[in-house]
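# Observations on chain architecture
Below, each chain spelled out in residue letters.
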Amino acid sequence: MAFIILLALAIFLMVSRHRQRKCFASPLATKTALSAGNHQHLSTGSSCGTGTGGSYSGKEGTIVSSCLPPPPPAPPDAVLLMDRLVKLDDYQEPYQALSPFYSYSNVVMQSVNNNAAVPADVSYDYAVPETGTIPLLSPEATPPLPCSGDKDSLFSKGSKGSSNRSIKDECKGKKSPSQQEVLSALKRRLEQTVVPDFPRHRLRMLSKIGEGAFGTIYVAEADGIPEYGIAASLGKRLVAVKFLLQNASEKEKMNFHRDVRILAALEDVNIARVLGVCTHEEPLCVVMEYLEHGDLNQFLKSHVFAEGTRTLQMGVKSLSFNCLLYMATQIASGMRYLETLNFVHRDLATRNCLVGKAYHIKISDFGTDNEYYSSDYYKLDNGMTIPVRWMAWESLCMGKYTTKSDVWSFAVTLWEILNMGRRRPYDGLSDAEVVENLSHLETNSGDFLFLPRPSSPSCTNDIYDLMLECWRRLESERPSFREIHLFLQRKNLGYAPL
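Read on for a plain summary of the structure. (Residues numbered from 1 in each chain as written. Predicted model: local features only at pLDDT ≥ 70, side-chain atom pairs only at ≥ 80, totals over all residues. Heavy atoms only, no water.)

Another aspect to go through is unusual backbone geometry. Cis geometry is found at the peptide bond from Glu-282 to Pro-283, where omega equals -10 degrees. Following the sequence through the fold, Pro-283 ends up in the loop between strand 8 (274–278) and strand 9 (285–289). With phi around 60 degrees, Asn-342 is a residue other than glycine that occupies positive phi space. With respect to the helices, strands and loops of the structure, Asn-342 is situated in the loop between helix 7 (321–340) and strand 12 (353–355). Of note, the phi angle at Ala-358 is positive, near 55 degrees, even though the residue is not glycine. As for its placement among the helices and strands, Ala-358 is situated in the loop between strand 12 and strand 13 (361–363). Judged by relative accessible area, which is 45%, Ala-358 ranks as partly exposed. (Helix = DSSP H or I, 4+ residues; strand = E, 2+ residues; numbered from the N terminus. Buried < 20%, exposed > 50% of the residue type's maximum accessible area, 1.4 Å probe, protein only.)

On to the side chain of Lys-242, then. As for its position among the elements, Lys-242 is in strand 7 (residues 236–243). Taking relative accessible area as the criterion, Lys-242 reaches 3% and is therefore assigned buried. At a separation of 2.7 Å, a polar atom in the side chain of Lys-242 contacts the side chain of Asp-365. (Polar contact = N/O pair within 3.5 Å; in protein donor to acceptor, adjacent residues only side chain to side chain.)

What follows covers the nonpolar core. Formed by 91 residues in total, the largest nonpolar core has its most connected members in Leu-296, Ile-331, Ile-463 and Leu-488. For this core, the element with the most residues is helix 7, which contributes 11 residues. Counting residues in hydrophobic clusters, the runner-up holds 12 residues, among them Phe-198, Ala-220, Val-239 and Leu-275. (Core = buried A, V, L, I, M, F, W, Y, C linked by side-chain atoms within 4.5 Å.)

We now examine the pairing of strand 9. For strand 9, the tally of buried residues reaches five of five residues, placing the bulk of the element in the interior. Bridge count between strand 7 and strand 9: five bridges; the pairing is antiparallel. Pairing of Val-239 across the sheet is with Glu-289, part of strand 9. Note that strand 8 and strand 9 share four bridges and pair antiparallel. In the sheet register, Cys-278 faces strand 9, and the bridge partner there is Cys-285. The antiparallel hairpin formed by strand 8 and strand 9 contains six residues in its connecting segment. (Pairing = 2+ DSSP bridges.)

Written as C-alpha cells, this is what we have:
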C-alpha cells in the first residue's frame, strides 16, 4: 500500500513539472512600458525600424513635427527589446530582428527561450499560430482570426458570384484552438527545426541586390542545395544570399543564428523560406529561396494589361485581370500565415514579392535594400529610411506596427498590382506632402486623401471597396488577412494559370 502511494506521488510530481515546462507567459500578463529611447535596439539601417523621436525631416525640409510623440528618457538599465513589452493602448511592440525583415511578437520570442514563465491561464489580444502544419491554402486547416465588427463592411456581405453566406459568417463558424495548444505547436516547430549547413564553394554569386544594415544581399546560383523540407536537390537553382557584416560582434552572430532559426520554422509556400546557412567561414550568411522572374514590380512593368480581344504586337507579354488577382491572392495567403504567427512584415510592397513559374508568388524583403528602389524610401535625419507611401498612419505617427498596419500596406500593394506597377502611390505628392496627408488621420480632420481607383478597367467596385476598408482609420475596422484571402479566393474562383 505504501509503495502505491509513493508511486502515485512520484507520478503527480512528474506531471506537475511537465506542465510547468510546457506553459508560457502571456505577453499581456505583466506588461511594462517601453520608452521610445529603447528603439535604439532596432536596426537603424533598415526601413523596418521605427523612429526614436524628433521631427521627420530630410532633403525636403522639416515635416509634421507633431506626428511623433515626444520620447521619454531611456532608463539606465535598458535591456534588449525582446525582453521588454510595450504599453500603448494595449499595443504590443513586436521584436525587430537583426537581419531579416520580420518583426516577431514576444509570443514567438518566449517560445524560443527555454526559460519562459509558466502561468497556464493566459489570454491574448493578438493573433496566434495554427496548430497544424497544413499550408493555409487549405481553408479547412486554418483557425479563424478575429473578424472586424463593422456591419456595413464588405466582409459582412456575400461577394458577387458566391453563396449568400458572408465571409464573416465563415470566420465565426469555426472554433479557434486554445492559446496553450497553439503555443505548444509553435514551440515544437521551433525545437524541431534544423537548418542545414551548405558549402559556400557551391554558391556562385550572380548579381548584387543591395547593402543592408546586416550586410550584403546577392542573387546566386546554388548547386545541389536541398529544397525546403526535403533532402533531395533539383540541381542548380536561384537563391538569395544574405551576408552578415564581416566585423560582426559575437552578440550579433548569436542574434543572427537565433533569427535564422525562427525564420527557418516558417513553412508557407508563399513565403521566401530559408534553405540553409554557411557558418564554417566568415562572414556568416543565410541562403533563402529566390524565384526565376525576380521581383513583382519589375515583372508587372515588363507586361501590359490584357484588354478583352485587343490584339498585341509580336513579343509583347500581357497579364489578365484574373491573373493579377491570382497573384494578389497568393500575397494575401502568405500574409495570412504570418498573421497567425503575429509576425509583422513592415514593408509589404510589390518590390518585396518574388515571381516564379506559373505566376507563383513568394513574399520576401529583398527590395528593401535594393538601390533601384531607393526613391521609394524617405530618409530621416537619423539615417533611417521609411516607405511612407505604403505605411499606415499609426506606423508613421505613433511608431505602431501590427498585422493591421500590414493590412494597410497590402491594399497599397494591390493598388500597385492593378496599375501594373507603372504608378507609384501618391505619385503627384512629395514625400513631405504624403506625410502631411497621413497626419490628417491622426488628427481625424477628415482631410485625408485616399489613393484613386486603379486605372485597370476591370477593377470592380468591390475590389476598390476592399482597399478603402484596409485604409480605415481605426485598426479594429480593417479586415484581417484571413477575410481578405477568402474574399479574393471567391472573386477568382476557378481561375488557374496556363
